[in-house]
Amino acid sequence: LDRPKLLTRQIFHVMSGLLNKLSPARRVLKSDDLPLFYHDQKSVEGQRSQRDTARVSVSLAELLKSVEDERNDPSRALDVAVASNFWTSVPTYSVPSSSPFVLSFKDLTYSVKIKKKFNPLSCCGNSPSDGDDTEMNTKVLLNGISGEAREGEMMAVLGASGSGKSTLIDALANRIAKESLGGAITLNGEVLESRLHKVISAYVMQDDLLFPMLTVEETLMFSAEFRLPSSLSKKKKAARVQALIDQLGLRSAAKTVIGDEGHRGVSGGERRRVSIGIDIVHDPIILFLDEPTSGLDSTSAYMVVKVLQRVAQSGSIVIMSIHQPSYRILGLLDRLIFLSRGNTVYSGSPTDLPRFFSEYGHPIPENGNKTEFALDLIHELEDSPEGTKDLVEFHKQWRAKQTSSSQSRRNSINVSLKDAINASISKGKLFSGATNLKSSFQTFANPFWTEMVVIGKRSILNSRRQPELFGTRLGAVLITGIILATVFWKLDDSPRGIQERLGFFAFAMSTTFYTCAEAIPVFLQERYIFMRETAYNAYRRSSYVLAHTIISIPALLVLSATFAATTFWAVGLAGRSEGFLFFFLTILASFWAGSSFVTFLSGIVSHVIIGFTVVVAILAYFLLFSGFFIARDRIPIYWIWFHYLSLVKYPYEGVLQNEFQDPTRCFVRGIQMFDNSPLGKVPAAMKISLLKSMSGVLGINVTAETCVTTGIDILKQQGITDISKWNCLWVTVAWGFFFRILFYFTLLIGSKNKRH
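Looking at an unreviewed UniProt entry, the protein chain carries the name ABC transporter G family member 20, with the source organism given as Noccaea caerulescens. In its Sequence similarities (unreviewed entry) section, the UniProt entry covering the protein chain states "Belongs to the ABC transporter superfamily. ABCG family. Eye pigment precursor importer (TC 3.A.1.204) subfamily."

Listed below in structure tokens is the structure:
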């Protein structure tokens, strides 16, 4: 069949489903979302009974759009259909999946040790039991939690703050170290390996961690380039993104920037849907979400959960924590788990909730909100002396009856994990162009160099949208250079000129390092985005480090050229063009080492204010031990190690050698010997007479023009004799590479993003 006939046949199947199922429902198409269905509800159960109708209408809308695209651009129509998974997903809307996924968890237990607070009265004997301030208390966050989640369904974890909702989501999402978590988590009866878990699942954090200056479409496109393999063409990736924008109901905001406090952008609900979209662009089998409706109004929250329902209906397992769902949201959920201080007080379908509490002796009012009643009752029990112990025990007994009656049905539909994943991939899940588990089971979707290109492109685009950041740094360097040039204008070759040159070089080298402190907030702003993206292998940490290293070099070149050109000739430094080249390279190496050092510290320190404090303090120590304030041979032996660790030492010594290396250049002549002494103010004739007397005593003819101090003598006085100027340059460059490597290991060790 050609494509138009194939499209027609698909529409025929969808229309058949509509004729059979659509009669009790009203369809409402909204421009900012996919079709949302509002049914004549008398109960939550009535709303849930119409879900299949929604599935059919979504496919119909997309297929009708594909027919229109076929007339205009046949290749684009086919790409949209393939990228949206509609060719393979339409049949799954009308018949149950033959290979469903079942995520089961049994007896999950997790606890943390909390150090007891120090009791100052314990030393007085008033509280002998608390006398040991090192004693640890154990807090149980999960206590024997069991349940299951199925393909095509949404499971919500409910409870008050501190009940263990986020902890349970983290446990299921493999974000708790295995040695710390008790119990078992299986998918179709098989234990999930950590590597496979990352490939088939995605995790959406509670906070919307997005780049504020990227548009919605750009954000999703970069996510597609990270998570979809290079074997897929850019055209197909773009088609997948366009289909995802429609699925998320973001078409009207596609060209709008995300925004932040200083830039107007998308709404809170749209931002949350973008956060979901970047993690489902590769169509994962399991999707975890930590309170996706937090901070949203009721309409935005409903639209977000509606999007999640469509994700589940496409063949995924959706598990989320939610604080208190509205009546409409409850109608979209398939399974509920209520937690109270780490214990399960209810697990099952929302439809069974009234019967459960009725049998417990606390029936839900006929017109009351079920979840609100349940949460209020749980809260009251928690405040009672007995707590929720009776409710927990009642739930265990009630659940045992429910489990025994449905055990045979559950076992009959389970299939092996490998077969289920292969069947899911063949239907378009784990969007990778693969045909089976073996060909799609890769730790990373793209090769190393592709990741570097995408990371670099995204970073450059961000920088272009915020030119004020680089402009501020360039302005600071330019103003500093102008001030130094005017203060140290055309220094002469005199004893005072020597001291002024030493002061200029010390200030210039330290300035290059201090201006690098702006790199601290750069990574700190991206830290949690980086952790989210690398947690599920969007790209390698090494790709991130190298990409940001390479794209930082052009900016450093501009800053170095600006500072060198502003100061070198204005101050009157030696060496002409060759001297300027070395001075420029030394400034560049200083910027490189300084930015690498600050970048490394930003990987350790998690707060901007603390980061600035640490950087300023350490750079001050580097300047103190650089050799300007105190010569190397005068530094105490127990501090000499810091002199060799000082980043300022090597560029400072390098530019000094570049300035004073000419042995024929004289800086102090006979009559100038007295300039820095009390005799500097005596008449010139008296100085000449003193020189004659000194000549007689020393046996050396010292005249007014005799050269007493050359540049080599100055270097010896400063203790700069052990390393050449080029070696100083290479050592400075090597420091930069060393700190970049340390930054990589910091990310490798510090971004595991797992609880212990």
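Enquirer: Give me the environment of Ile185: which residues, what numbers.
Expert: Note that Ile185 resides in strand β6 (residues 182-187). C-alpha of Ile185 to C-alpha of Ser146: the two residues are 39 residues apart in sequence and 9.3 Å apart in space. When near neighbours in sequence (up to four residues on either side) are disregarded, Ile185 contacts Leu103, Ser104, Phe105, Leu108, Ala171, Leu172, Glu190, Val191 and Leu192.

Enquirer: Before we move on, could you go through the sheet that holds strand β12 (residues 343-348) and cite the residues and values that matter?
Expert: What the six strands build is an open sheet, ordered β8-β9-β10-β5-β11-β12; its pairing is mixed. What marks the edges here is a single partner per strand, and that holds for β8 (201-204) and β12. For this sheet, the mean angle separating the axes of adjacent strands, direction not counted, is 15°. Alignment of strand β9 (residues 286-290) against strand β10 (residues 317-321), held across five bridges, turns out to be parallel.

Enquirer: How would you sum up the packing of aromatic side chains? Please name residues and give values.
Expert: One pair of aromatic rings is described through two measures. These are the centre distance and the angle between the planes. Inspection of every chain in the model, using the stated rule, returns 41 aromatic pairs. Both rings, one in Tyr621 and one in Phe642, keep their centres 6.4 Å apart while their planes meet at 85°; by these two values the pair is edge-to-face. With a gap of 21 residues between them, Tyr621 in helix α24 (residues 608-624) and Phe642 in helix α25 (residues 640-645) connect regions that are remote in the sequence. Overall, the relative accessible area of 43% leaves Tyr621 in the partly exposed class. Phe642 gets classed as buried once you look at its relative accessible area, which sits at 14%. Every member of this aromatic cluster is reached through a ring pair, and the members are Phe597, Phe600, Tyr621, Phe622, Phe625, Trp639, Trp641, Phe642, Trp735, Phe738 and Phe739. Positioned over the ring face of Tyr302 is Arg328, at 4.1 Å from the centre of the ring. Over the face of the ring belonging to Phe582 we find Lys725, whose NZ or CZ atom lies 4.7 Å from the ring centre.

Enquirer: Account for the UniProt feature "transmembrane region" (unreviewed entry) in the protein chain, naming residues and giving values.
Expert: Per the UniProt record, "transmembrane region" (unreviewed entry) is annotated on residues 470-491, 503-524, 545-574, 580-601, 608-631 and 729-750. In residues 470-491, helix accounts for 82% and strand for 0%; the two terminal C-alpha atoms are 32 Å from one another. The annotated region residues 608-631 carries 71% helix and 0% strand content, and the separation between its end C-alpha atoms amounts to 34 Å.

Enquirer: A description of a nonpolar patch on the surface should follow, citing residues and the corresponding values.
Expert: On the surface, Ile637, Tyr638, Trp639, Trp641 and Leu645 cluster together to form a nonpolar patch covering roughly 600 Å² of accessible area. Here Leu645 lies in helix α25.

Enquirer: Describe a negative patch on the surface, listing the residues and the values that go with them.
Expert: A grouping of Glu372, Asp376, Glu380 and Asp383 is seen on the molecular surface, where their side chains present a negatively charged patch. Residue position: Asp376 is located in helix α14 (residues 370-383). Since its relative accessible area comes to 40%, Asp376 is described here as partly exposed.

Basis of the calculations
- Residues numbered from 1 in each chain as written.
- Predicted model: local features only at pLDDT ≥ 70, side-chain atom pairs only at ≥ 80, totals over all residues.
- Heavy atoms only, no water.
- UniProt positions renumbered as here; feature names shortened; annotations may be inferred.
- Helix = DSSP H or I, 4+ residues; strand = E, 2+ residues; numbered from the N terminus.
- Contact = heavy atoms within 4.5 Å.
- Pairing = 2+ DSSP bridges.
- Axes fitted to C-alpha atoms, helices over the stretch in contact; angles between N-to-C directions.
- Phe/Tyr/Trp six-rings, centres within 6.5 Å; stacked < 30°, edge-to-face > 60°.
- Buried < 20%, exposed > 50% of the residue type's maximum accessible area, 1.4 Å probe, protein only.
- Lys NZ or Arg CZ within 6 Å of the ring centre and 35° of its normal.
- Patch = residues over 30% accessible without salt bridge, like charges linked within 9 Å, V, L, I, M, F, W, Y side chains within 5 Å.
- Areas by Shrake-Rupley, 256 points an atom, 1.4 Å probe, with all protein chains shown as cover.
- Salt bridge = Lys/Arg side-chain N within 4 Å of Asp/Glu carboxyl O.
- Lys, Arg positive; Asp, Glu negative; His and termini not counted.
- Charge placed at Lys NZ, Arg CZ, Asp CG, Glu CD.

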